[in-house]
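Below are the chains, spelled out letter by letter.
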Amino acid sequence: MSKPRVMSGMRPTGGLHIGHLVGVLTQWANFCETAEAFFEIADLHAYTTGFADPEAIRAAREEMVSVWLAAGVDPARSTIYLQSGVPEIAELHTLLAMIVPVSWLERVPSYKGQIEALGNQIATYGFLGYPLLQLCDIAVMRGERVPVGRDQVAHLELGREIVRRFNHLYGDGRDVLIEPQPTLSEFPEVPGTDGRKMSKSYDNAILIADDEDTTTKRVRAMLTDPQKVRRGDPGRPEICPVFALWKFVNPQRLDGIAAACRSGELGCVQDKSEFAEALNAYLRPVRERLAEYRGDRAAVDRIITEGTAHAREIAAGVLRDVKRAMKLT
Ligand code: TRP
């Protein structure tokens with residue numbers, strides 16, 4: 001029985017946090033066992049918003065891969081590769097651009113949302129095409145399943161429409177390109193220290209690469225139930241971000257903590273100090289492996305170089321099929 005082909009990617013923007021770890025990377029690590037897995041450093045996607053700071057993108061990519069590896073992504077059982085090192089992706093992007101109505105791209109919620117958030121200077125041609133480029137990433141590897149967060153589902157839906165249009169126009173009754181399926185993780189949204197979704201841009205993230213003291217300070221500054229002012233006050237664990245994070249750091253303790261919080265017996269200060277310890281213990285093996293990969297940059301480079309060569313071989317085959325279908329031979 002052949003394994004499904006799984007493809008996913010991440011922009012090298014730095015600062016991977018525990019939301020990435022529990023929401024994405026643990027799932028990627030599992031896919032190394034159960035699927036034929038492809039993980040992409042989406043450096044071109046980073047340029048769609050970060051084009052003015054190429055140094056930052058360049059500096060982030062090996063560090064990001066080191067975190068993936070530290071989190072358990074197995075380079076012997078997956079392909080880790082650089083998007084810009086697979087020029088077939090850019091070529092497919094140009095070909096598919098011919099059949100994608102601008103209105104489809106404009107209607108993707110993240111397009112207007114991001115321009116509102118980041119300003120009009122990111123309203124480039126490339127940024128408008130972001131979800132098309134993402135579809136090209138997937139299509140060129142024949143990705144069937146795409147593990148992503150909830151915020152990416154609209155991109156996948158658009159990608160599926162583009163594939164249908166391509167196959168309809170050029171497939172001659174065949175599916176030249178595959179419609180990819182999103183796979184949501186078990187922990188789709190991890191709250192940050194302020195209770196909003198954890199994100200580096202909200203400054204509410206707990207970074208995988210932080211040291212233990214920094215993590216402890218971050219946890220101490222976390223918001224809890226605002227109605228629970230002092231120990232003894234009854235708390236509401238269901239609205240507390242610390243409680244939400246306990247869920248994956250130590251699920252066995254959840255019931256006990258919920259009961260002690262509700263009764264007032266457990267104060268937020270004590271809960272946070274216990275949680276900081278549990279979180280640091282949970283992160284310790286990942287941080288130790290990260291230090292090893294940081295100390296062996298050559299090994300990380302080799303993994304990326306070999307993975308990129310493998311990815312290119314697959315991409316070249318898909319491009320051949322696409323060009324044949326489009327009569328570009
Ligand atoms: N857009 C994705 C994100 O911001 C990153 C990404 C780029 C991606 N190419 C991809 C994810 C292909 C899945 C498949 O998280």
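Residues numbered from 1 in each chain as written. Predicted model: local features only at pLDDT ≥ 70, side-chain atom pairs only at ≥ 80, totals over all residues. Heavy atoms only, no water.

**Q** Please explain the site of the ligand as it appears in this structure.
**A** Neighbouring residues of the ligand: 14 residues in total, closest Arg11, Tyr130, Gln134, Asp137 and Gln152. Within the side chain of Arg11, an N or O atom sits 3.2 Å from an oxygen atom of the ligand. Contacts to the ligand include Gln134, whose side-chain N or O atom sits 3.2 Å from a nitrogen atom. Protein chains bury 92% of the 360 Å² of accessible surface belonging to the ligand in isolation. When contributions to the shell around the ligand are tallied by element, the ones reaching two or more residues are β1 (5-10), α8 (130-140) and β4 (145-148). In terms of residue count, the dominant contributor to the shell around the ligand is α8 (four residues). (Near = heavy atom within 4 Å. Polar contact = N/O pair within 3.5 Å; in protein donor to acceptor, adjacent residues only side chain to side chain. Areas by Shrake-Rupley, 256 points an atom, 1.4 Å probe, with all protein chains shown as cover. Helix = DSSP H or I, 4+ residues; strand = E, 2+ residues; numbered from the N terminus.)

**Q** Looking at this structure, I do not really get the pattern of salt bridges. What am I missing?
**A** Side-chain pairs of opposite charge can arise where the charged atoms are in close proximity. Summed over all chains, the structure comprises 23 salt bridges. In this structure, Glu91 and Lys323 form a salt bridge, with 2.8 Å as the shortest nitrogen-oxygen distance. Separated by 232 residues along the polypeptide, Glu91 in helix α4 (residues 87-97) and Lys323 in helix α14 (residues 297-325) bring together distant segments of the chain. The residue Arg324 makes a salt bridge to Asp321 at a minimum N-O spacing of 3.6 Å. With Arg324 and Asp321 both in helix α14 and three residues apart, this pair spans about one turn of that helix. (Salt bridge = Lys/Arg side-chain N within 4 Å of Asp/Glu carboxyl O.)

**Q** For this particular structure, what's the right way to read the packing of helix α1 (residues 18-34) against helix α13 (residues 268-294)?
**A** The angle between the axes and the distance between the axes are what describe a pair of packed helices. It is at 12 Å that the axes of α1 and α13 come closest, and there the two elements cross at 60°. With respect to their mutual orientation, α1 and α13 come out oblique. With respect to the hand of their crossing, α1 and α13 are arranged in left-handed fashion. Contacts between α1 and α13 involve Ile18, Leu21 and Val22 from the first element and Leu279, Tyr282 and Leu283 from the second. Among the residues making up the contact of α1 with α13, the classes are represented as six nonpolar, no polar and no charged. (Axes fitted to C-alpha atoms, helices over the stretch in contact; angles between N-to-C directions. Parallel < 35°, antiparallel > 145°, perpendicular 65-115°, else oblique. Left-handed = near helix turned anticlockwise from the far one by under 90°. Contact = heavy atoms within 4.5 Å. Nonpolar A, V, L, I, M, F, W, Y, C, P; charged D, E, K, R; others polar.)

**Q** Teacher, can you tell me more about α13 here?
**A** For an α-helix, the turn length of 3.6 residues means that residues three or four places apart are oriented alike. At Arg284, α13 shows its maximal bend, which comes to roughly 40°, and the proline Pro285 appears one to four places after that position. Turning to α13, its buried residues number three or more, namely Cys268, Asp271, Lys272, Phe275, Ala276, Ala278, Leu279, Asn280, Leu283, Val286, Arg287 and Leu290. At its buried positions, α13 is contacted by α1, α3 (54-70), α10 (212-220), α11 (241-249) and α12 (254-263). (Bend = angle between axes of the 7 residues up to and from the residue. Buried < 20%, exposed > 50% of the residue type's maximum accessible area, 1.4 Å probe, protein only.)

**Q** What exactly am I supposed to notice about the nonpolar core here?
**A** Grouped burial of nonpolar side chains is what soluble globular proteins tend to show. Among the nonpolar cores identified, the biggest contains 53 residues, and Leu25, Phe39 and Trp68 are the most heavily contacted of them. For this core, the domains that each give at least three residues are domain 1 (5-190 + 297-325) and domain 2 (210-290). Judged by nonpolar contacts, the second largest core, of 44 residues, contains Ile115, Ile122, Leu132 and Ala311. (Core = buried A, V, L, I, M, F, W, Y, C linked by side-chain atoms within 4.5 Å. Domains from an automatic or database assignment.)

**Q** What is the right way to read the pairing of strand β5 (residues 181-184) from this model?
**A** In the case of a regular strand, side chains alternate between the two sheet surfaces. Taken together, the four bridges between β4 and β5 define a ladder with parallel strand orientation. Paired with Pro147 across the two strands is Thr183, which belongs to β5. (Pairing = 2+ DSSP bridges.)

Purely geometric stuff here, so don't read any function into it on its own.
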